[in-house]
Amino acid sequence: MATLGERIKQIRKQQGLTLQALAGDELTKGMLSLIENNKANPSMESLSYIAERLGIDRTELLQEMPTAELRALLDEIEEKRRNVSGTSDEMMAGYKEIAERIHPYVEKLPFRYESARLLEIYSRCCYHSKRFDWELALNRAEAIYEQLHLINSVADLHMFRAMMKFIEHRYAEALASLQASRKTIEEQSGVLDPLKKLDFDYYESILYSATGDQTNARRLMEEAIAYSKKHQIFYQINALYRLAGFEALLAGDLERKDYYIGKLKLFAEFSDDPEIAAYANAIEIHYFNSFTREYEKADRLLEDIRTLLDEEDFYFLEKGKMLYHTGQIEKALDCFKQHRMNRFIHHPYDLSMHYEKEAYMALIYEQLGDHELAKNYAQQAKELIEPMPDLPYKQFVLETHRKIFGASD
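Since the structure is predicted, the reported quantities are computational estimates derived from the model, not experimental observations.

**Looking at the overall build of the protein**
Each helix and strand counted, the protein has 22 helices and 0 strands in total. Rg of the C-alpha trace for the protein: 27 Å, well past the compact-globule value of 22 Å for 409 residues, more than 25% over. The C-alpha extent of the protein, read off along each of the three principal axes, is 90 × 50 × 35 Å. Residues counted as buried form 50% of the 409 residues belonging to the protein. Taking the average place of the 53 positive charges on the side chains of the protein and the average place of its 69 negative ones, the gap between the two points comes to 3 Å.

**What to know about the nonpolar core**
Ile102, Leu118, Phe166 and Phe246 are the most contacted members of the largest nonpolar core, which has 120 residues in total. Per-element accounting of this core gives the leading share, 11 residues, to helix H20 (residues 348–367). Apart from the residues lying within four places of it in its own chain, the contact partners of leucine 118 are Leu70, Leu73, Leu74, Ile77, Ile102 and Leu109. If you look at the next biggest cluster of nonpolar residues, it comprises 16 residues, including Leu4, Leu22, Ala23 and Ile35.

**Things to note about the packing of aromatic side chains**
Counted under the stated rule, the structure contains 20 aromatic pairs. For the pair tyrosine 127 and phenylalanine 160, a centre-to-centre distance of 5.8 Å together with 85° between the ring planes defines the contact as edge-to-face. In this pair, tyrosine 127 is assigned in helix H8 (residues 113–129) and phenylalanine 160 in helix H10 (residues 151–167), connecting sequence segments 33 residues apart. Plain terms: the ring middles of phenylalanine 336 and tyrosine 360 are 5.5 Å apart, the flat faces sit at 20° to each other, and that makes the pair stacked. Pair noted here: phenylalanine 336 is in helix H19 (residues 329–338) and tyrosine 360 is in helix H20, with a separation of 24 residues, a long-range link. Note on accessibility: phenylalanine 336 and tyrosine 360 belong to one class, buried. By the ring-pair criterion, three or more aromatic residues cluster together here, those being Tyr324, Phe336, Tyr360 and Phe396. Stacked on the ring of tyrosine 127, the Lys or Arg lysine 130 has its end atom at 4.8 Å from the ring centre. The ring of tyrosine 279 has arginine 242 sitting right over it, with the charged end atom 3.9 Å from the ring centre.

**Some words on the pattern of salt bridges**
Under the counting rule described, the total for this entry stands at 36 salt bridges. The partner of arginine 12 in a salt bridge is glutamate 36, and the shortest N-O contact between them spans 2.7 Å. A residue pair is termed long-range when its members are at least 10 positions apart, and arginine 12 in helix H1 (residues 4–14) and glutamate 36 in helix H3 (residues 29–36) qualify at 24 residues.

**Some details on the packing of helix H21 (residues 371–385) against helix H22 (residues 392–406)**
At a closest axis distance of 9 Å, the pairing of H21 and H22 adopts a crossing angle of 145°. The two elements H21 and H22 meet at a crossing, and its hand is left-handed. Note on element contacts: H22 touches H21 through Lys394, Val397, Leu398, His401, Ile404 and Phe405, opposite His371, Ala374, Lys375, Ala378, Gln379, Ala381, Lys382 and Ile385. When grouped by side-chain class, the residues that make up the contact of H21 with H22 number 8 nonpolar, 3 polar and 3 charged.

**Examining unusual backbone geometry**
Positive phi values are uncommon outside glycine, yet histidine 149 reaches one of about 60°. Given the relative accessible area of 65%, histidine 149 is considered exposed. Of note, aspartate 272 is a non-glycine position whose phi angle comes to about 55°, a positive value. Position of aspartate 272 among the secondary structure elements: in the loop between helix H15 (254–271) and helix H16 (274–292).

**Observations regarding the state of the cysteines**
Overall, the coordinates contain 0 disulfides when judged by the stated rule. No disulfide involves cysteine 125; its sulfur sits 7.1 Å from the nearest other cysteine sulfur, which is in cysteine 126.

**Some details on the environment of leucine 22**
As for its placement among the helices and strands, leucine 22 is situated in helix H2 (residues 19–23). The class of leucine 22 is buried, set by a relative accessible area of 1%. When the C-alpha atoms of leucine 22 and leucine 207 are compared, they prove to be 55 Å apart, with 185 residues separating the residues in sequence. Sequence-distant contacts of leucine 22, that is, excluding residues within four places in its chain, are made with Ile8, Arg12, Leu17, Leu32, Glu36, Tyr49, Ile50, Arg53 and Leu54.

**Some thoughts on the environment of aspartate 199**
By secondary structure assignment, the location of aspartate 199 is in helix H12 (residues 194–210). For the pair aspartate 199 and glutamate 296, spaced 97 residues apart in sequence, the C-alpha to C-alpha distance is 38 Å. With near-sequence residues (within four places) excluded, aspartate 199 lies in contact with Asp156, Met159, Tyr235 and Gln236. Here lysine 196 takes part through its side chain, which lies 2.9 Å from a polar atom of the side chain of aspartate 199.

**Description of the side chain of arginine 12**
Overall, the relative accessible area of 8% leaves arginine 12 in the buried class. Setting aside anything within four residues of it in sequence, one finds arginine 12 in contact with Leu17, Thr18, Leu19, Leu22, Glu36 and Leu54.

**So, the environment of alanine 137**
Topologically, alanine 137 is positioned in helix H9 (residues 134–147). With 30 residues separating them in the primary sequence, alanine 137 and glutamate 107 have C-alpha atoms 9.5 Å apart. Sequence-distant contacts of alanine 137, defined by excluding residues within four places in its chain, comprise Leu119, Tyr122 and Ser123.

**Some words on the packing of helix H17 (residues 295–304) against helix H18 (residues 311–325)**
Any two packed helices are characterised by the angle at which their axes cross and by the distance between the axes. In contact at an axis separation of 10 Å, H17 and H18 are set at 150° when each is read in the N-to-C sense. Judged by the angle between their axes, H17 and H18 are roughly antiparallel. Crossing of H17 over H18 shows left-handed handedness. On the side of H17, the interface is formed by Tyr295, Asp299, Leu302 and Glu303, while H18 contributes Phe314, Tyr315, Glu318, Lys319, Met322 and His325. Each residue belonging to the contact of H17 with H18 can be placed in one class, and the counts come to 5 nonpolar, 1 polar and 4 charged.

The rules behind these values
Residues numbered from 1 in each chain as written. Predicted model: local features only at pLDDT ≥ 70, side-chain atom pairs only at ≥ 80, totals over all residues. Heavy atoms only, no water. Helix = DSSP H or I, 4+ residues; strand = E, 2+ residues; numbered from the N terminus. Rg over C-alpha atoms; globule rule 2.2 N^0.38 Å. Buried < 20%, exposed > 50% of the residue type's maximum accessible area, 1.4 Å probe, protein only. Lys, Arg positive; Asp, Glu negative; His and termini not counted. Charge placed at Lys NZ, Arg CZ, Asp CG, Glu CD. Core = buried A, V, L, I, M, F, W, Y, C linked by side-chain atoms within 4.5 Å. Contact = heavy atoms within 4.5 Å. Phe/Tyr/Trp six-rings, centres within 6.5 Å; stacked < 30°, edge-to-face > 60°. Lys NZ or Arg CZ within 6 Å of the ring centre and 35° of its normal. Salt bridge = Lys/Arg side-chain N within 4 Å of Asp/Glu carboxyl O. Axes fitted to C-alpha atoms, helices over the stretch in contact; angles between N-to-C directions. Left-handed = near helix turned anticlockwise from the far one by under 90°. Nonpolar A, V, L, I, M, F, W, Y, C, P; charged D, E, K, R; others polar. Disulfide = S-S within 2.5 Å. Polar contact = N/O pair within 3.5 Å; in protein donor to acceptor, adjacent residues only side chain to side chain. Parallel < 35°, antiparallel > 145°, perpendicular 65-115°, else oblique.

Encoded structure:
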């Protein structure tokens with residue numbers, strides 16, 4: 001594969017130019033010779049000058065992969081990325097497939113937007129699937145975006161870096177990182193692009209709630225929703241309504257919960273997206289199951305949306321709770337055994353909800369007469385829930401632990 005210097009020399013000779021002729025007034029003949037012989041690296045300004053003297057685009061000198069092939073690869077990868085969905089195992093398989101598809105091209109990607117986008121997708125997929133080196137690819141993508149002055153793309157990478165800390169449950173660090181990135185991007189661009197503003201607002205509100213700062217979480221959510229309405233921008237509105245509705249539920253503000261769930265259902269009708277309506281119903285199911293104890297209502301809604309949500313995750317958890325509370329403990333146990341928590345769940349609220357499963361299993365085994373197994377599950381639940389915030393889930397788990405271990409005294 002030809003080096004940058006070899007490509008410059010090849011094109012120069014094809015055009016019948018001497019070293020002096022190509023060097024012109026801005027480069028010396030000696031420096032150009034060093035570049036062609038790979039003994040010096042040209043600056044981007046020098047590279048642009050050489051390309052202009054040769055009558056070609058700068059990217060042609062940097063290119064190690066034909067443009068048509070590069071664009072076709074990006075189109076293919078974007079399609080694969082859009083189709084990554086399903087259970088956490090299915091998503092992980094999708095990320096691995098994408099990483100493996102891009103991997104052979106990583107070292108020969110030229111300096112252009114398509115390459116940066118491929119490197120960005122590659123690094124994200126490598127990070128999630130724990131394959132190859134994601135960090136070098138991410139750094140290369142960021143360098144290209146910065147030199148092409150694609151501030152929004154740089155902002156996306158900054159947000160990704162911050163949310164890595166969220167994935168690792170380093171919530172305070174994630175919030176500080178996101179806020180620092182937001183400040184940097186705002187200083188570079190002057191005014192945030194509306195879509196990037198909504199991205200930052202959404203992620204910052206998530207991180208505020210993850211660190212227990214409900215006041216700022218709610219403030220940012222409501223500011224973002226008001227901004228979306230004012231500017232008629234529906235980007236992120238689905239996620240914001242879901243977050244606001246669930247936050248209101250946990251805060252005990254049922255009027256606000258009903259307001260946001262209603263808005264979410266209206267948006268589902270507007271966008272003709274049944275999955276959005278399913279997420280609205282999922283909040284209602286959780287409310288009926290865990291707060292008002294209206295188990296029949298919860299079950300009817302749960303069966304209605306079963307095919308629209310992750311069955312291993314939400315369905316088996318809520319179904320198991322409903323069966324337990326209606327006295328069907330063996331069926332409940334079967335559901336809980338089928339439950340698999342999605343590996344992409346990282347928020348303390350979601351984690352706490354799912355950690356209740358072990359407590360329910362402890363209660364079931366206690367009723368079935370297996371006290372040792374009940375103690376094992378109660379202890380697991382306690383260890384999982386202890387780092388979580390003080391929510392009803394934590395109270396239930398700790399009460400269950402006291403009940404199970406009290407029975408052994």
